[in-house]
Amino acid sequence: AVELDKNFGRAYAGWAVSAHSLGQLEVEKQQWDKALSLLDGMTEREKYRTLGGYFLTTVRDYDKAVENYRMLVEKYPADTGGHTNLALAYFYLLRFPEALAEGRLAVQLDRSDVRAATNYALYAMYASDFKAAEEQAPALIKNDPAFYLPYSPLAAAQIMQGRRGEARDTYA
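Now for a quick tour of the structure. Source: prediction; values computed, not measured.

## Some points on helix H8 (residues 114-126)
Alright, step 1. The terminal C-alpha atoms of H8, which comprises 13 residues, lie 18 Å apart, in line with the 18 Å expected from a rise of 1.5 Å per residue.
Alright, step 2. Judged by how many residues are buried, H8 sits mostly within the fold: 10 of 13 residues are covered.
Alright, step 3. Ala116, Ala117, Thr118, Asn119, Tyr120, Ala121, Leu122, Tyr123, Ala124 and Met125 are the residues of H8 that are buried.
Alright, step 4. Sitting at the amino-terminal end of H8 is aspartate 113, which places a side-chain oxygen 3.1 Å from the backbone nitrogen of arginine 115.
Alright, step 5. Following H8 by one or two positions, serine 128 has its phi on the positive side, about 65°.

Have a look at this one:
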């Protein structure tokens, strides 16, 4: 069983992230402890992803998350999850231009990732790139009109361009 566990370190990390999302903090801690104990059996890429996720979600040491995700995307530039999570870590550090740049890369790598596209629109708004926010949001709204998040960057862009009536309609 111990030998088999070495192959599943990343699975324990995934379980920990899921438990975190569900608010199951004790399960999250148990799974992170298990995942971190198996780092030596992981590939370099898995280690960066695991440590990045640990620092991003559980420890909330966003500088350490940036460090791990930065190494991940430098060594594996097509790692969409790495760019997505690096953008989020930058966002939590209030480094909006960097979040926007990484978010843009994540969207370019996987145009079907709705979460990455939504976050990109939000990063654009926070980085005051209202043109990018306004360009990104309508497709998200068209895809799922009931999903509330893309309306904020669109309305903010409209307000910043003096189009208050449109912004009012967007918020409504």
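Now that the structure is up, let's keep going.
## Focus on the packing of helix H7 (residues 96-109) against H8
Alright, step 1. Between H7 and H8, the shortest axis-to-axis distance is 8 Å and the interhelical angle comes to 155°. Taken together, the axis directions place H7 and H8 in an arrangement best described as roughly antiparallel. Relative to H8, the crossing made by H7 is left-handed. On H8, the residues that touch Phe96, Ala99, Leu100, Gly103, Arg104, Ala106 and Val107 of H7 are Ala116, Ala117, Tyr120, Tyr123, Ala124 and Tyr126.
Alright, step 2. Among the residues forming the contact of H7 with H8, the class breakdown is 11 nonpolar, one polar and one charged.

## Brief notes about the nonpolar core
Across soluble globular proteins, nonpolar side chains have a tendency to be buried as a group.
Alright, step 1. Ranked by internal contacts, the top residues of the largest apolar core, which has 26 residues, are Leu56, Ala65, Tyr69 and Leu86.
Alright, step 2. In this view, leucine 56 contacts Tyr62, Ala65, Tyr69, Asn85, Leu88, Ala89 and Tyr92; residues no more than four positions away in its chain are not counted.
Alright, step 3. Ranked by size, the runner-up nonpolar core spans six residues in total, among them Ala13, Ala16, Trp32 and Leu38.

## A few points about the pattern of salt bridges
Alright, step 1. Under the definition given, this model contains nine salt bridges.
Alright, step 2. Of the charged contacts, one joins arginine 95 and glutamate 98 as a salt bridge, the two residues approaching to 3.3 Å between their closest N and O atoms.
Alright, step 3. Residue classification places arginine 95 among the partly exposed positions, given a relative accessible area of 31%.
Alright, step 4. Given a relative accessible area of 30%, glutamate 98 falls into the partly exposed group.
Alright, step 5. A salt bridge links glutamate 135 to lysine 131; its shortest N-O distance comes to 3.6 Å. Separated by four residues within a single helix, glutamate 135 and lysine 131 lie in helix H9 (residues 130-143), roughly one turn from each other. By the burial criterion, glutamate 135 is exposed, and lysine 131 matches it.

Thresholds applied
- Residues numbered from 1 in each chain as written.
- Predicted model: local features only at pLDDT ≥ 70, side-chain atom pairs only at ≥ 80, totals over all residues.
- Heavy atoms only, no water.
- Helix = DSSP H or I, 4+ residues; strand = E, 2+ residues; numbered from the N terminus.
- Expected span 1.5 Å × (residues − 1).
- Buried < 20%, exposed > 50% of the residue type's maximum accessible area, 1.4 Å probe, protein only.
- Polar contact = N/O pair within 3.5 Å; in protein donor to acceptor, adjacent residues only side chain to side chain.
- Axes fitted to C-alpha atoms, helices over the stretch in contact; angles between N-to-C directions.
- Parallel < 35°, antiparallel > 145°, perpendicular 65-115°, else oblique.
- Left-handed = near helix turned anticlockwise from the far one by under 90°.
- Contact = heavy atoms within 4.5 Å.
- Nonpolar A, V, L, I, M, F, W, Y, C, P; charged D, E, K, R; others polar.
- Core = buried A, V, L, I, M, F, W, Y, C linked by side-chain atoms within 4.5 Å.
- Salt bridge = Lys/Arg side-chain N within 4 Å of Asp/Glu carboxyl O.

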